[in-house]
Amino acid sequence: VSTTGQGVSRLQEVIGECLAKGQAPLPPPAVPYRKLAASCFRGGPQKPGTFTRLADRLLLHPLWGWVFLGLLLYFGFYRFVGGIGAGYLVNSLDFFYLQFLQPMLGMLLAKFLAEEWFLALFLGEYGIFSMGLRYALTIVLPVITSFFLFFSLLEDSGYLPRLSYLLTKPLSLLGLNGKAVLPLTLGFGCGTMAVAVTRILDSRRERFLATFLLALGVPCSAQLGLMISLLSNIPGAFFSWALVVALTTLAAARLAHFLLPGSRQPLLMELPPLRCPRLEAIWRKTSARVVWYFQEVLPLFMGISLFLWLLELTGLLQGILRALKLHLSWLGLPEETALVLLTGFFKRDYGAAGLYSLYRQGALGAKELLVASVLLTLFLPCLAQLSLMLRERGLKETAAIVLLVSIIAFAVSFLVKTFLFI
């Protein structure tokens, strides 16, 4: 239910008058309680037995609420985002781009660009067309669009606040309350936006802890979809990856909850009424977020390709990759994985797309793919998310998060490589 300003004002007046007369804040029994309370709420009381009331009982039930959440995750994220978005759509668009669009662009550019080093800016290994535009349009865009569509459906139905209530006890294990489900859920869409949403949390301690978990174990939508698409083809790999990331996040959160001063804040949140999602609202939300993607993310992909081209041209890229290769050798990963980590720092879904291409080329086996997936998921957040962390948390807290995440990522990846067999 939602309070109205007029009803609240009237209730405050009655309580103030009673206190001024030395009486108890509540009026005597002669005053019609229900009439006074009804003026404070919009819509009136719900009739028991209605479909909305039954749906509320189901979604908030300690057993059936989790059953519904499991079905939602399976059919929504795994089958729709992972199967259709990261599977069918990615394969179809990538085939069309590589077979038709990129060769056509290459022929047009070859007529005007004679210098080979300049042509590499567009069609080289890290070229704007061969890498930046391809990753943005054929690999990331289908996944993030399907996720935005599914998330808008949940958002417009009123389910997300109920998800906060349902996850209050599990999130208490992480030192957070159910309100933290909003930034953590948004982190599966875009970690940068999720860091900004941590402002809704009540204490500095909870904002730091939520930012730390977003940087460590919450993959963005494009990265999650690509991981599902990659690992679902190998028996046990996807569940091993999910289990390792979940246990690592839980253990890190428990340790941080124990070490950080302060305590968890209680959850105070109203539940809006459930409603049937409107197609117009879903379309507007999804299209607005896709437009945001083209405006913000697509130029960033182009900029990353340009930056990598400059690093390769000056020889600095080889030096950075050599330093990364030294750390990757004891993880049993090929040298090409260093570029995946480097590009993943600029954009996490960019790195996931590189891992996707590396696997399709046959450079990674089943175990190497699992180790690389764990490392990329737990590794540093993308540059955009890191920039917002600096603005929201400050240099000291951001540096602490970066150091902790780096140590945890390499340590857990080494444990996976040593003890896990698939």
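Residues numbered from 1 in each chain as written. Predicted model: local features only at pLDDT ≥ 70, side-chain atom pairs only at ≥ 80, totals over all residues. Heavy atoms only, no water.

**Focus on the packing of aromatic side chains**
By the definition in use, this model includes six aromatic pairs. Pairing Phe238 with Phe239 gives two aromatic rings, centres 5.5 Å apart and planes at 75°, and the pair type is edge-to-face. The exposure class assigned to Phe239 is exposed, which follows from its relative accessible area of 61%. In this structure an aromatic cluster arises from ring pairing among Phe238, Phe239 and Trp241. (Phe/Tyr/Trp six-rings, centres within 6.5 Å; stacked < 30°, edge-to-face > 60°. Buried < 20%, exposed > 50% of the residue type's maximum accessible area, 1.4 Å probe, protein only.)

**Details of the pattern of salt bridges**
Opposite charge on two side chains makes pairing possible when the charged atoms of those side chains draw close. The full count for this structure, using the stated rule, is ten salt bridges. Residue Lys285 is joined to Glu155 by a salt bridge in which the shortest nitrogen-to-oxygen separation is 3.7 Å. Of this pair, Lys285 sits in helix α14 (residues 279-314) while Glu155 sits in helix α6 (residues 128-157); the two residues are 130 residues apart in sequence, bridging distant segments of the chain. Judged by relative accessible area, Glu155 falls into the partly exposed class, the value being 31%. Put simply, Lys285 and Asp156 hold a salt bridge, and the shortest N to O gap is 3.5 Å. Of the two residues, Lys285 is situated in helix α14 and Asp156 in helix α6; the sequence distance between them amounts to 129 residues. What you see here is one network of salt bridges that share partners, running through Glu155, Asp156, Arg275, Lys285 and Arg289. (Salt bridge = Lys/Arg side-chain N within 4 Å of Asp/Glu carboxyl O. Helix = DSSP H or I, 4+ residues; strand = E, 2+ residues; numbered from the N terminus.)

**Examining a nonpolar patch on the surface**
Together, Leu58, Leu63, Trp64, Val67, Phe68, Leu71, Tyr74 and Phe75 make up a nonpolar patch on the protein surface, roughly 760 Å² of accessible area in all. Among the elements that take part in the nonpolar patch, helix α4 (residues 64-112) stands out by supplying six residues, more than any other. Among the secondary structure elements, Leu71 is positioned in helix α4. (Patch = residues over 30% accessible without salt bridge, like charges linked within 9 Å, V, L, I, M, F, W, Y side chains within 5 Å. Areas by Shrake-Rupley, 256 points an atom, 1.4 Å probe, with all protein chains shown as cover.)

**Quick notes on the side chain of Ser203**
Its place among the elements puts Ser203 in the loop between α10 (191-197) and α11 (204-217). At 3.2 Å, the side chain of Ser203 forms a polar contact with the backbone nitrogen of Glu206. (Polar contact = N/O pair within 3.5 Å; in protein donor to acceptor, adjacent residues only side chain to side chain.)

**Some details on the nonpolar core**
Counting residues in hydrophobic clusters, the biggest one holds 116 residues, and the most contacted among them are Phe212, Trp241, Leu308 and Leu355. Of the residues forming this core, the biggest block, 16 residues, is contributed by α6. (Core = buried A, V, L, I, M, F, W, Y, C linked by side-chain atoms within 4.5 Å.)

**A few points about the environment of Pro161**
Mapping Pro161 onto the fold places it in helix α7 (residues 159-166). For the pair Pro161 and Glu270, spaced 109 residues apart in the sequence, the C-alpha separation amounts to 7.8 Å.

**Here's the deal with the confidence of the model for the protein chain**
For the protein chain, the mean per-residue pLDDT works out to 77, and 83% of the residues sit at or above 70. Mean pLDDT in the protein chain bottoms out at helix α1 (residues 5-20), which sits at 57, and peaks at α11, which reaches 89. Contacts of residues 1-6 to residues separated by more than four positions or lying in other chains number 14 contacts, the stretch itself having pLDDT below 50. (pLDDT = per-residue confidence, 0-100. Contact = heavy atoms within 4.5 Å.)

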